[in-house]
Structure formats: structure tokens, C-alpha cells
Amino acid sequence: MNNFQSPFQLQGKTILVTGASSGLGQAIAVECARAGATLVLTGRNLPRLQAVHASLSGCMHRYIVADLTDASQRNALVDEVGSVNGIVHSAGVDGVAPLRMVSDKLLQQVMGTNFHVPILLNQRMLYRKQILDSGSIVFVASIAALTGKVGVGPYSASKSALLGAMRCLALEVAKHGIRVNALCPGIVDTPLFDNHRAWLTDVVAKTYPLGLGRPEDVAYAAIYFLCDASRKVTGTSFSLDGGIPYT
Ligand SMILES: NC(=O)c1ccc[n+]([C@@H]2O[C@H](COP(=O)([O-])OP(=O)(O)OC[C@H]3O[C@@H](n4cnc5c(N)ncnc54)[C@H](OP(=O)(O)O)[C@@H]3O)[C@@H](O)[C@H]2O)c1
């Protein structure tokens with residue numbers, strides 16, 4: 001009898017996915033369920049969250065509606081979610097403006113959602129020991145954290161801040177065997193680009209040697225960082241950039 005159990009699967013693991021109602025978070029939830037995980041999905045949009053929940057393979061999955069920028073809703077989520085083996089922080093917003101034109105409101109919104117939310121959610125769950133030993137934290141950052149592009153300053157800054165915090169957190173939680181890594185996708189066609197679809201397909205797609213990414217490409221990388229195959233990998237930012245030159 002062959003008792004080999006692949007380390008590239010998530011059987012027996014409970015994974016919290018933020019931003020699970022759309023785009024990358026949705027694909028990450030779907031593929032993690034296929035890999036055997038039990039999912040806790042969170043997002044703001046109830047009908048979309050329910051639709052994702054209904055599409056998952058396996059059973060025992062849950063969903064919790066929360067606006068994560070609201071501290072009381074975020075804390076209620078932590079109360080409800082219980083203990084997890086992994087978190088994928090995919091909730092995020094874009095936020096583009098030339099820095100000469102940036103407003104306090106835009107900066108607060110972008111930094112609030114893309115940086116403060118994942119850091120404070122981790123903080124509360126770690127403080128309450130709700131991320132189990134040998135667990136895995138995955139931030140969805142962006143290649144915008146590693147590159148400069150005109151007009152993308154607020155978004156790039158929020159994702160760069162995440163990488164800085166990720167490297168420190170990786171050291172702080174290593175004593176519990178908890179790993180912390182970040183995915184840096186290039187552009188993937190998701191509802192984030194609903195207002196820029198023509199630009200995406202006519203202009204941007206041509207600059208990617210391997211073509212634009214698909215949501216499931218990011219999900220496969222997330223599975224690697226959540227599963228036991230990556231148990232000695234921490235503090236890493238992993239580019240999924242389709243080979244695009246960084247200049
Ligand atoms: N698409 C790309 O090309 C790309 C590339 C690199 C990195 N990323 C990053 O990947 C992540 C997901 O992006 P996406 O393309 O999947 O975008 P998306 O389709 O617009 O999804 C964004 C998700 O974030 C959730 N969200 C936003 N603000 C929230 C808040 N205040 N509280 C709770 N949930 C909130 C949304 O929830 P509701 O819809 O329920 O409101 C939605 O589920 C983001 O962090 C983004 O920066 C995307």
C-alpha cells in the first residue's frame with residue numbers, strides 16, 4: 001500500500017482568505033478548497049461571498065461579512081473565525097494618483113486597506129494565538145512594491161510597506177514555526193481593472209512576455225506558501241510577473 005501524502009496539499013488545514021468575494025481572493029479560496037483546505041471566506045459583498053462559498057469543493061467552509069477597515073467589524077471577525085493554520089491577505093484596493101496630486105483621503109484609504117488592515121488583523125490573531133504553530137501567513141503584495149511607475153505611488157507605497165513589515169514579522173514569529181511570505185503578482189485581469197479593461201488587453205498584455213496572469217496562477221503560488229512543502233521558506237517576496245522587465 002502506498003501511504004505517501006504529498007506535501008503540496010492542504011488537507012486538515014483551515015485557511016482564512018480576505019478579499020474572497022472577488023478576483024484573486026476568490027481564486028485562492030477555490031483552489032485551496034480543491035487542495036483539501038477548510039476555508040473561512042471574508043469580504044464585504046454578501047451575495048458574491050455566498051456565490052464563492054457555494055462554488056467550493058468539500059464541506060465545512062464558512063463565510064463572514066466584514067468591512068476590514070472598520071475596527072469593530074475586524075475584531076468581530078477575529079472573534080468568530082477561531083484558530084487557523086493559514087491566512088491569505090488578498091483584500092485590497094488600487095489607488096493611483098501622481099504624488100504631486102495625492103490627497104490625504106486617498107492615502108488614508110489605500111494605506112488603510114492595503115497595509116493597516118492585514119497588519120492589524122495579524123496582530124490581533126497572533127496576540128490571541130489564533131494562528132496555530134507551524135502556520136503560514138501570505139500577503140498579496142504586487143510587483144508595484146518592487147518597481148516604479150508614473151501615477152502608481154500611493155499603491156506602490158502601500159505594497160512596499162507590506163514587504164517591509166513582512167520581513168520583520170517573519171523573524172518575530174519564527175519561534176512558533178509560523179512562516180510569513182508575500183506574493184508579488186504582475187497584472188492579472190480581475191474586477192480591479194473593470195474601469196481599465198481596454199487598456200489592459202490592448203496595451204498592457206503586450207508588454208508581458210508570458211502574457212497576463214490569471215487568478216488561478218496566483219492561487220497556485222498561494223497554495224505552495226500555505227502547504228508543508230514550503231515549511232522552511234519565510235520572509236520571501238515571490239514575483240509572479242510573467243517575465244516583464246522591471247524598467
Ligand atoms: N489584479 C491584479 O492585477 C493584482 C496584481 C497584484 C496585486 N493585486 C492585489 O491582489 C489583491 C486582490 O486584488 P483583486 O485583483 O482580486 O481585486 P478585486 O477583484 O477588486 O478584489 C478586491 C477584494 O478586496 C475586498 N476588499 C476591498 N476593500 C475591503 C474592505 N475595506 N474590507 C474587506 N474587504 C475589502 C473586496 O471585497 P468586496 O468586493 O466584497 O467589497 C474584494 O473581495 C489586492 O490586494 C491587490 O492589490 C492585484
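Residues numbered from 1 in each chain as written. Predicted model: local features only at pLDDT ≥ 70, side-chain atom pairs only at ≥ 80, totals over all residues.

**Some points on helix α4 (residues 104-127)**
Selection criterion: To get the bend at a residue, fit one axis to the 7 residues ending there and another to the 7 starting there, then take the angle between the axes. A run of DSSP states H or I qualifies as a helix once it reaches four residues; a run of E qualifies as a strand once it reaches two. Both are numbered from the N-terminal end. Exposure in this text rests on C-beta crowding, where 20 or more other C-beta atoms within 10 Å of a residue's own make it buried, 12 or fewer make it exposed, and counts in between make it partly exposed. The C-beta atoms are placed from the backbone. A residue pair is marked as a contact if its C-beta atoms, positioned from the backbone, fall within 7 Å.
At Gly112, α4 is deflected by roughly 45°, the largest bend along its length. Three or more residues of α4 are buried, namely Val110, Thr113, Asn114, Phe115, Val117, Pro118, Leu121, Asn122 and Met125. Residues of α4 that are buried sit in contact with α3 (71-81), β4 (84-89), β5 (131-140) and α5 (153-173). Note on α4: the residue one or two positions beyond its end, Lys129, has a positive phi of about 55°.

**Points about the environment of Gly58**
Following the sequence through the fold, Gly58 ends up in the loop between α2 (46-55) and β3 (62-65). It is 7.4 Å that separates the C-alpha atoms of Gly58 and Gly36, two residues lying 22 residues apart in sequence.

**Re the pairing of strand β1 (residues 14-18)**
Two faces, one strand: in a regular strand the side chains alternate between the faces of the sheet. The condition that has to hold: Here is how to tell: hold the view so the strands point away, follow the path from the first strand over the helix to the second, and if it runs clockwise the crossover is right-handed. Following DSSP output, two strands are said to pair if at least two bridges run between them.
Of all the 5 residues making up β1, 5 are buried; the element is thus mostly covered by neighbouring parts of the structure. Residue alternation in β1 divides its side chains into two sets, Thr14, Leu16 and Thr18 and Ile15 and Val17, and both sets are buried. With helix α1 (residues 23-34) bridging β1 and the parallel strand β2 (residues 38-43), this β-α-β connection has right-handed handedness. As judged from the 4 bridges shared by β1 and β4, these two strands associate in the parallel manner. Paired with Thr18 across the two strands is His89, which belongs to β4.

**Overview of the packing of α1 against helix α7 (residues 215-226)**
The condition is simple: Angles here are taken between N-to-C directions and fall from 0 to 180 degrees, while the axes themselves are lines fitted to C-alpha atoms, restricted in helices to the stretch in contact. The scheme is simple: roughly parallel for angles under 35 degrees, roughly antiparallel for over 145, roughly perpendicular for 65 to 115, oblique for anything else. Each crossing gets its handedness from the near helix: less than a right angle anticlockwise from the far helix is left-handed, clockwise is right-handed. Nonpolar residues are Ala, Val, Leu, Ile, Met, Phe, Trp, Tyr, Cys and Pro. Charged residues are Asp, Glu, Lys and Arg, and all others, Gly as well, are polar.
Between α1 and α7, the shortest axis-to-axis distance is 8 Å and the interhelical angle comes to 55°. The orientation of α1 with respect to α7, classified from their angle, is oblique. In this structure, α1 meets α7 at a crossing whose hand is right-handed. Seen from α1, the contacting residues are Gly23, Leu24, Gln26, Ala27, Ile28, Glu31 and Cys32; seen from α7, they are Pro215, Glu216, Val218, Ala219, Tyr220, Ala222, Ile223 and Leu226. A breakdown of the residues in the contact of α1 with α7 according to their chemical character gives 11 nonpolar, 2 polar and 2 charged.

**A few points about the site of the ligand**
Our working rule: What makes a residue near a molecule or strand is its C-beta atom, placed from the backbone, lying within 6 Å of it.
Near the ligand there are 26 residues, and of these Gly19, Gly23, Gly43, Gly92 and Thr190 occur at the shortest range. The element best represented in the shell around the ligand is α1, accounting for 3 residues. Its residues assigned to classes, the shell around the ligand comprises 10 nonpolar, 13 polar and 3 charged.

**Overview of the sheet that holds β2**
With parallel pairing, 7 strands are arranged side by side in an open sheet as β3-β2-β1-β4-β5-β6-β7. Each end of this open sheet is capped by a strand with a single partner; those strands are β3 and β7 (237-240). Averaged over all adjacent pairs, the angle separating strand axes in this sheet is 20°, with direction ignored.

**Describing the confidence of the model for the protein chain**
Any segment with low pLDDT has predicted coordinates that should not be analysed in fine detail. Selection criterion: One confidence number per residue, pLDDT, is output by the predictor and ranges from 0 to 100.
Overall, the predicted model of the protein chain reaches an average pLDDT of 96, with 99% of residues at or above 70. Ranking the elements of the protein chain by mean pLDDT puts helix α6 (residues 197-202) last with 86 and β1 first with 99.

**Some details on the nonpolar core**
For clarity, the threshold we go by: Joining buried Ala, Val, Leu, Ile, Met, Phe, Trp, Tyr and Cys residues through C-beta atoms within 7 Å gives a set, and that set is a nonpolar core.
Judged by nonpolar contacts, the single largest core of 61 residues is most densely connected at Ile15, Ile28, Ala29, Cys32, Leu39 and Ala222. Once residues within four sequence positions are removed from consideration, Leu39 is found in contact with Ile15, Val17, Ala29, Cys32, Ala33, Leu56 and His61.

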